[in-house]
Amino acid sequence: MKKSRIFGVIAAAAMAVSAFVSMPVSAADTYHAYLGVQTNPSWIFRNGWNDSSFGKDTYDAFDKLSKDGAPADIDGTFTDVDITGDGTYKVSLTGADLSDEELFSLLFVSTDIPVDAGVSITNVKVIIDGQTKYTFDEGYIPEDTGEYIQVQARNIWNDDLGKEDGLFAYMMPNDSVEMEFTVSGMGSAEAAAPAATEEAAPAPAADTAPTTSASTGNIPVAAMVSVMAVAGAAAVVSKKRK
């Protein structure tokens, strides 16, 4: 084998490694979404999951309605959701009678999806006591949302959302409030979970297809080493036979 063919084998292996490393993985992560509320005039609330004082990791009663910095004396069950891929999801507060309140100061979906993740939120529905009150074709994400996507439907301090008048009419719930939304840009959850296979005998480098890591989107290190080792071995054998 000539030197040009030896280097060709090595170059091909290196190119294969590079291609696998840069290959994206659909639905590589599981994200989460939570319903956020704040009422007026009593300021009954549930803040965003990453709030520094009343967030999921900083406040023991994050899964309850609160008032004056403590759990409120009002029933209600929050249902959060895991976002595992493209699709339609819903977060909700049920069994909560908020009819004595005048309006929602804030009503939003709080997520841990990074704003630069390339994920889109569309078809956002506000559902009160089982009736759809409004649908946003595109989820409204304020410029000051921070590091993670927050989709707002009500914000009395926001001009784009109509301040206190809001963008839609509604009655305060005597039982439930829900927000439904569609996620795109993550890919299929099923495509990100390769099926388990039985251990097989080693195959030639040309037939080897290293499995992509579902958590990072990168080819496993062992697979990269294997591909390059085969190429190196081919070069060594060739030199001995020359």
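Chains are numbered independently. Their residues run from 1 in the order of the written sequence. Owing to the predicted nature of the model, reporting of local features is limited to residues with pLDDT of at least 70; listing and counting of side-chain atom pairs is limited to 80 or more, with chain, interface and lining totals taken over all residues. Working from all heavy atoms in the structure, the side-chain values ignore hydrogens and water.

Draft legend 1. Here's a closer look at a negative patch on the surface. To count toward a patch, a residue needs a relative accessible area over 30% and no salt bridge; like charges are then connected within 9 Å, while nonpolar side chains (Val, Leu, Ile, Met, Phe, Trp, Tyr) are connected within 5 Å. To be clear on the numbers: accessible area is Shrake-Rupley with a 1.4 Å probe, and residue cover counts the displayed protein chains and nothing else. Definition used for salt bridges: Asp or Glu carboxyl oxygen within 4 Å of a side-chain nitrogen of Lys or Arg. We treat Lys and Arg as the positive residues and Asp and Glu as the negative residues; His and chain ends play no part in the count. Charged groups are reduced to one reference atom each: NZ for lysine, CZ for arginine, CG for aspartic acid, CD for glutamic acid. Taken together, the side chains of Asp 97, Asp 100, Asp 129 and Asp 175 present a region of like negative charge at the surface. Overall, Asp 129 belongs to the partly exposed group, its relative accessible area being 31%. Relative accessible area decides the class of each residue, using a 1.4 Å probe on protein chains only: under 20% of the type maximum gives buried, over 50% gives exposed, and in between gives partly exposed.

Draft legend 2. Representation of the side chain of Thr 111 within the structure. By secondary structure assignment, the location of Thr 111 is in strand β8 (residues 103–114). Under the relative-accessibility criterion, Thr 111 is labelled buried at 2%. Any pair of N or O atoms that falls within 3.5 Å is considered a polar contact. Within protein, one atom must be able to donate a hydrogen and the other to accept it, and sequence-neighbouring residues count only if both atoms are side-chain atoms. At 3.1 Å, the side chain of Thr 111 forms a polar contact with the backbone nitrogen of Ile 113. From its side chain, Thr 111 meets the backbone oxygen of Ile 149 in a polar contact 2.7 Å long. By definition, residues are in contact when any of their heavy atoms lie within 4.5 Å. Ignoring any residue separated from it by four or fewer positions in sequence, one finds Thr 111 in contact with His 32, Ala 33, Trp 49, Tyr 148 and Ile 149. A run of H or I in DSSP becomes a helix once it reaches four residues, and a run of E becomes a strand once it reaches two; helices and strands are each numbered from the N terminus.

Draft legend 3. Quick peek at the pattern of salt bridges. Enumeration over the complete set of coordinates arrives at six salt bridges. Of the charged contacts, one joins Glu 178 and Lys 90 as a salt bridge, the two residues approaching to 3.6 Å between their closest N and O atoms. Highlighted residues: Glu 178 in strand β12 (residues 176–184) and Lys 90 in strand β7 (residues 87–94), separated in sequence by 88 residues. On the basis of relative accessible area, Glu 178 is assigned to the buried category, the value being 15%.

Draft legend 4. Main features of the nonpolar core. Working definition of a nonpolar core: buried Ala, Val, Leu, Ile, Met, Phe, Trp, Tyr and Cys residues. They are joined through side-chain atoms within 4.5 Å. Core analysis: the biggest nonpolar cluster contains 40 residues, and Leu 35, Leu 65, Ile 83, Phe 104 and Phe 181 have the highest contact counts within it. Those elements that provide at least two residues to this core are β1 (31–40), β6 (81–83), β7, β8, β9 (120–128), β11 (148–155) and β12. The greatest single-element share of this core, amounting to five residues, is contributed by β8. Leaving out residues up to four positions away in the same chain, Ile 83 has contacts with Asp 29, Thr 30, Tyr 31, His 32, Ala 33, Tyr 89, Ile 113, Phe 181, Val 183 and Met 186.

Draft legend 5. Molecular detail of the pairing of β11. Within β11, seven of the eight residues are buried, leaving the element largely enclosed by the surrounding structure. Pairing between β8 and β11: six bridges, direction antiparallel. Bridge assignment links Leu 106 to a residue of β11, and that residue is Asn 155. Should DSSP find at least two bridges between two strands, the strands are regarded as paired.

Draft legend 6. Broad picture of the packing of aromatic side chains. Stacked, tilted and edge-to-face are the three classes assigned to paired rings of Phe, Tyr and Trp, where Trp is represented by its six-membered ring and a pair needs centres within 6.5 Å; plane angles under 30 degrees give stacked, over 60 edge-to-face, the rest tilted. What the rule picks out here adds up to 11 aromatic pairs. Both rings, one in Trp 49 and one in Tyr 148, keep their centres 5.1 Å apart while their planes meet at 65°; by these two values the pair is edge-to-face. Placement of the pair is Trp 49 in the loop between β2 (45–46) and β3 (66–67) and Tyr 148 in strand β11, with a sequence separation of 99 residues. With a centroid separation of 4.8 Å and 75° between ring planes, the pair formed by Tyr 134 and Phe 136 is classed as edge-to-face.

Draft legend 7. View of the environment of Asp 160. Take Asp 160: it is sitting in the loop between β11 and β12. Take Asp 160: its relative accessible area is 53%, and that puts it in the exposed class. Separated by 18 residues in sequence, Asp 160 and Pro 142 place their C-alpha atoms 8.8 Å apart. Ignoring sequence-local partners within four residues, the contact set of Asp 160 consists of Tyr 140 and Leu 167. Reaching out from Asp 160, the side chain makes a polar contact with the side chain of Tyr 140 at a distance of 2.8 Å.

No statement about biological role is implied by the geometric values presented.
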